[in-house]
Amino acid sequence: MSAAPILITGGAQRLGRHCAERLCDDGHPVIITYRRERPALEALRARGVVTLQADFGDQAGIRDFIVRLRETTSSLRAIVHNASDWLPDAEGDEAADNFEHLFRVHMLAPYLINLEARDLLEACGEPLRDIVHMTDYVATRGSRKHIAYAASKAGLENLTLSFAARYAPSIQVNTIAPAMIMLGENDDEAYAEKARAKSALGTIPGPGVIYESLRYLLDNRYVTGTTLPVDGGRHLR
Ligand SMILES: NC(=O)C1=CN([C@@H]2O[C@H](COP(=O)(O)OP(=O)(O)OC[C@H]3O[C@@H](n4cnc5c(N)ncnc54)[C@H](OP(=O)(O)O)[C@@H]3O)[C@@H](O)[C@H]2O)C=CC1
Ligand SMILES: Nc1nc2c(c(=O)[nH]1)N=C([C@H](O)[C@@H](O)CO)CN2
């Protein structure tokens, strides 16, 4: 029997792509979701990664993805809810739409996928099964400019507690809560310097530390309902 795949949502770039590539290196079958086609997807497909288009911005998009996921595989080893929109707060009439959008991407999609894919995880013949929610340091601290984003990530962190309780003992459910892991393509050195100064360790580590954290959760058979901060000691500053 072939190994059950690991699903990473939003796996076409940055942290999600890095984890998909490392899981391939470690011999895991991988499924990723993406919104828009690009060359990086061809490279992932060449490595045998299954790529499923999905837009979690509305309920229909989420449910359409779930149907196609169930057509694609009959089991899952793990689900990593990585897909995310880092949007600042909107002004005026757009504020409510922005909030609802972030709620759907960061909370409704993980909630519905977790409910509808439970049987796929239970069908995994391996001893461990995991759900990992990617949140953010600001979920527990708030953010002046990303209020809706931070609140939706806090809600995702709370989903970890509820699903961990409901899905035990067969499925472990945990959170990884990063702070600055990698810069955006438009971030300049001044921004980088400010970002480094926000953490006690004073670095911007890159996506390897996220894969190490994911590896820890996937390999550990006695961790559930937890949040793993990966933030360089941001709370110490
Ligand atoms: N990078 C960092 O320093 C930090 C990251 N995090 C968290 O870690 C995770 C990974 O971060 P990072 O790699 O930077 O993430 P990205 O900003 O690169 O987003 C990851 C993917 O999410 C997908 N996505 C965005 N909106 C939607 C949507 N509506 N429907 C479906 N997919 C969507 C995008 O797909 P596509 O490109 O195909 O549109 C994108 O490739 C995220 O959850 C993030 O919040 C937390 C703190 C710091
Ligand atoms: N979906 C995303 N979420 C976040 C990103 C990102 O690029 N995409 N980046 C950050 C920042 O690195 C922030 O941690 C800097 O303080 C947060 N979330």
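Residues numbered from 1 in each chain as written. Chains lettered and ligands numbered in written order. Predicted model: local features only at pLDDT ≥ 70, side-chain atom pairs only at ≥ 80, totals over all residues. Heavy atoms only, no water.

An unreviewed UniProt entry lists the protein chain under the name Dihydromonapterin reductase, from Halomonas elongata. Checking UniProt for the protein chain, the heading Sequence similarities (unreviewed entry) contains the comment "Belongs to the short-chain dehydrogenases/reductases (SDR) family. FolM subfamily." (UniProt positions renumbered as here; feature names shortened; annotations may be inferred.)

A. Representation of a negative patch on the surface in the model. Taken together, D93, E94, D97 and E100 make up a surface patch of like negative charges. You can see E94 is positioned in helix α4 (residues 94-116). (Patch = residues over 30% accessible without salt bridge, like charges linked within 9 Å, V, L, I, M, F, W, Y side chains within 5 Å. Areas by Shrake-Rupley, 256 points an atom, 1.4 Å probe, with all protein chains shown as cover. Salt bridge = Lys/Arg side-chain N within 4 Å of Asp/Glu carboxyl O. Lys, Arg positive; Asp, Glu negative; His and termini not counted. Charge placed at Lys NZ, Arg CZ, Asp CG, Glu CD. Helix = DSSP H or I, 4+ residues; strand = E, 2+ residues; numbered from the N terminus.)

B. Expanded view of the pattern of salt bridges. Tallied over the full model, the rule gives 12 salt bridges. R47 is the partner of D25 in a salt bridge, and the nearest nitrogen-oxygen pair spans 2.5 Å. In this pair, D25 is assigned in helix α1 (residues 14-25) and R47 in the loop between α2 (39-46) and β3 (50-53), connecting sequence segments 22 residues apart. Taken together, the shared-partner salt bridges in this structure form one network comprising D26, R215 and D219.

C. Focus on the side chain of N98. Take N98: it is sitting in helix α4. For N98, a relative accessible area of 10% corresponds to the buried category. (Buried < 20%, exposed > 50% of the residue type's maximum accessible area, 1.4 Å probe, protein only.)

D. Highlighting the site of ligand 1. Around ligand 1 there are 28 residues in total, and Q13, R35, R38, F56 and I181 lie nearest to it. Take L15: an N or O atom from its main chain is 3.0 Å from an oxygen atom of ligand 1. Contact distances for ligand 1 include 3.3 Å between an oxygen atom and a backbone N or O atom of M182. Contact with the protein chains hides 92% of the accessible area of ligand 1, taken as 880 Å² for the molecule alone. Residue assignment for the shell around ligand 1 shows that the elements contributing at least two residues are α1, α4 and α6 (147-167). Here the residues of the shell around ligand 1 are counted per class, giving 13 nonpolar, 7 polar and 8 charged. (Near = heavy atom within 4 Å. Polar contact = N/O pair within 3.5 Å; in protein donor to acceptor, adjacent residues only side chain to side chain. Nonpolar A, V, L, I, M, F, W, Y, C, P; charged D, E, K, R; others polar.)

E. Region of the structure containing the packing of aromatic side chains. Counted according to the given criterion, the structure contains 3 aromatic pairs. Seen in terms of ring centroids, F56 and F65 are 5.5 Å apart; in terms of plane orientation they differ by 75°. Their pairing is edge-to-face. Summarising the aromatic geometry, the rings of F163 and Y167 are spaced 5.3 Å apart at their centres and angled 65° between planes, so their arrangement reads as edge-to-face. One end of the pair, F163, and the other, Y167, are both in helix α6, 4 residues apart, so they sit about a helical turn from each other. Y167 sits in the buried class, given a relative accessible area of 1%. By the ring-pair criterion, three or more aromatic residues cluster together here, those being Y111, F163 and Y167. (Phe/Tyr/Trp six-rings, centres within 6.5 Å; stacked < 30°, edge-to-face > 60°.)

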